[in-house]
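Secondary and tertiary structure notes
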Amino acid sequence: MPRGVVPRQPSKSGRHQGTPAKKSLPARPGRARSPVQAQPGKRGKRGGVPRGYDALAPARIAEILKRLDQLYPDVTCALTHRNAWELLVATILSAQSTDANVNRVTPELFRKYPTVQDFAALTPEQLQPDVRSTGFFRNKSKSVVGAAQKIVNEFHGEVPDNMEQLLTLPGVARKTANVILGTWFKKADGIVVDTHVTRISRRLELTKNSDAVKIEQDLMKEIPRERWILFSHQIIWHGRKLCIARRPKCAECALEHLCHAADKTWSTVEIHKNAK
Ligand code: SF4
């Protein structure tokens, strides 16, 4: 090893390491030479929270956003759609399923039933075979048909473009409403909180809550409003690509030096028991 080159090691102080900016996502084989396994049983001083560390410090939040921009500059919703109604149907179908699975189902579904009026004319039972492979198909069929009927009967066949009216549709809670408002109408009314956003917000100590509504409230206070839409998409993509639920790929993660999650698989900083 050349003189003066010191391999990255876990921090003793728990403070950030100030590692150089990482320009690309691919794994760096050199970093994997001396992986340090996170050890959830070993905490820093004072209950695992290093002195002077503030997880919500504006500089730390800004650095997280900057790194997300570098990793995922132009990401958007992965659900295939051509209009607000198709996005609404796809989002309802995506609950407890994957976007890829939904994207396999929706092209044929929208070929068979091209308009919201076509869906409104169905019974939930008629729709069930078409959405069966997305799981929970009985409830989803009921929600989709119910939403179509309400949109046709009360909103002149147009998907509402505001939170209040979207929340009156069957099967639509804040997560789905935020997807429609942010992705289709480009309105930042809130932040999408799905399973990825829940997990990663906790790992990055942006929230200590596990309830989606409370997590969204925390994030809305911490993240600048003009970043709400993109932040949701970036975190969701990060959850798919690197910060996966089991064995996150921390050695490849450009946020690693900012992350103190207890379940990290590779760490250069002190880990925190509450960041999981
Ligand atoms: S370092 Fe690991 S746990 Fe933390 S954000 Fe990156 S992938 Fe997720």
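Above: the structure in question.
Everything numeric here is computed off the predicted structure, so don't read it as measured data.

**Brief notes about the site of the ligand**
Residues in contact with the ligand, as listed here, are Arg203, His238, Cys243, Pro248, Cys250, Cys253, Glu256, Cys259 and Lys264. Class assignment for the residues of the shell around the ligand results in 5 nonpolar, 1 polar and 3 charged.

**Some details on the pattern of salt bridges**
Tallied over the full model, the rule gives 13 salt bridges. With its nearest N and O atoms 2.4 Å apart, the salt bridge here joins aspartate 99 to arginine 240. Here arginine 240 lies in helix 11 (residues 228–241) and aspartate 99 lies in helix 3 (residues 99–112), a separation of 141 residues in the sequence. Judged by relative accessible area, aspartate 99 falls into the buried class, the value being 16%.

**Quick word on the packing of aromatic side chains**
Within the structure shown, the criterion is met by 3 aromatic pairs. Where tryptophan 85 meets phenylalanine 119, the ring centres are 5.4 Å apart and the plane angle is 70°; that geometry is what we call edge-to-face. Placement of tryptophan 85 in helix 2 (residues 84–93) and of phenylalanine 119 in helix 4 (residues 116–120) is noted, with a sequence separation of 34 residues between them. The class of tryptophan 85 is buried, set by a relative accessible area of 7%. Judged by relative accessible area, phenylalanine 119 falls into the buried class, the value being 0%. A connected cluster of aromatic rings, assembled from ring pairs, spans Trp85, Phe110, Tyr113 and Phe119. The cationic tip of arginine 240 hangs over the ring face of tryptophan 237; the distance from NZ or CZ to the ring centre is 5.1 Å.

**Quick notes on helix 6 (residues 137–154)**
Over its 18 residues, helix 6 runs 25 Å from end to end, which matches the ideal 26 Å to within 8%, given 1.5 Å per residue. Among the residues of helix 6, Phe137, Lys140, Ser141, Ser143, Val144, Val145, Gly146, Ala147, Ala148 and Ile151 are the ones counted as buried. In this structure, the buried residues of helix 6 make contact with helix 2, helix 4 and helix 5 (124–131). Among the residues trailing helix 6, histidine 156 stands out with phi positive, at a value near 55°.

**Overview of the side chain of arginine 203**
With respect to the helices and strands, the residue arginine 203 is situated in helix 9 (residues 195–203). When sequence neighbours within four positions are dropped, the list of residues in contact with arginine 203 reads Cys243, Ile244, Ala245, Pro248, Cys259, His260, Ala261, Asp263, Ala275 and Lys276.

About the criteria used
Throughout, a residue's number is its position along its own chain's written sequence, starting from 1. In keeping with the predicted nature of the model, local features appear solely for residues at pLDDT of at least 70, side-chain atom pairs appear and are counted solely at 80 or more, and the whole-chain, interface and lining totals rest on all residues. With hydrogens and water excluded, all non-hydrogen atoms of the structure serve as input to the side-chain values. Any residue with a heavy atom lying within 4 Å of a molecule or strand is counted as near it. All residues other than Ala, Val, Leu, Ile, Met, Phe, Trp, Tyr, Cys, Pro, Asp, Glu, Lys and Arg, Gly among them, are scored as polar; the first ten of these are nonpolar and the last four charged. Here, a salt bridge means any side-chain nitrogen of Lys or Arg that lies within 4 Å of a carboxyl oxygen of Asp or Glu. Runs of E in the DSSP output that reach at least two residues are strands. Runs of H or I that reach at least four are helices, and both are numbered from the N terminus. Burial classes follow relative accessibility: with a 1.4 Å probe on protein chains only, a residue under 20% of its type's maximum area counts as buried, one over 50% as exposed, and anything between as partly exposed. Note on aromatic pairs: the rings of Phe, Tyr and Trp (six-membered ring only in Trp) are paired at centre separations within 6.5 Å, and the planes decide the class, stacked below 30 degrees, edge-to-face beyond 60, tilted for the rest. Only when the NZ of Lys or the CZ of Arg is both within 6 Å of the ring centre and within 35 degrees of the ring normal is a charge said to sit over the ring. Here the expected length of a helix is defined as 1.5 Å per residue gap, with one fewer gap than residues. In what follows, residue pairs with any heavy atoms lying within 4.5 Å of each other are defined as contacts.

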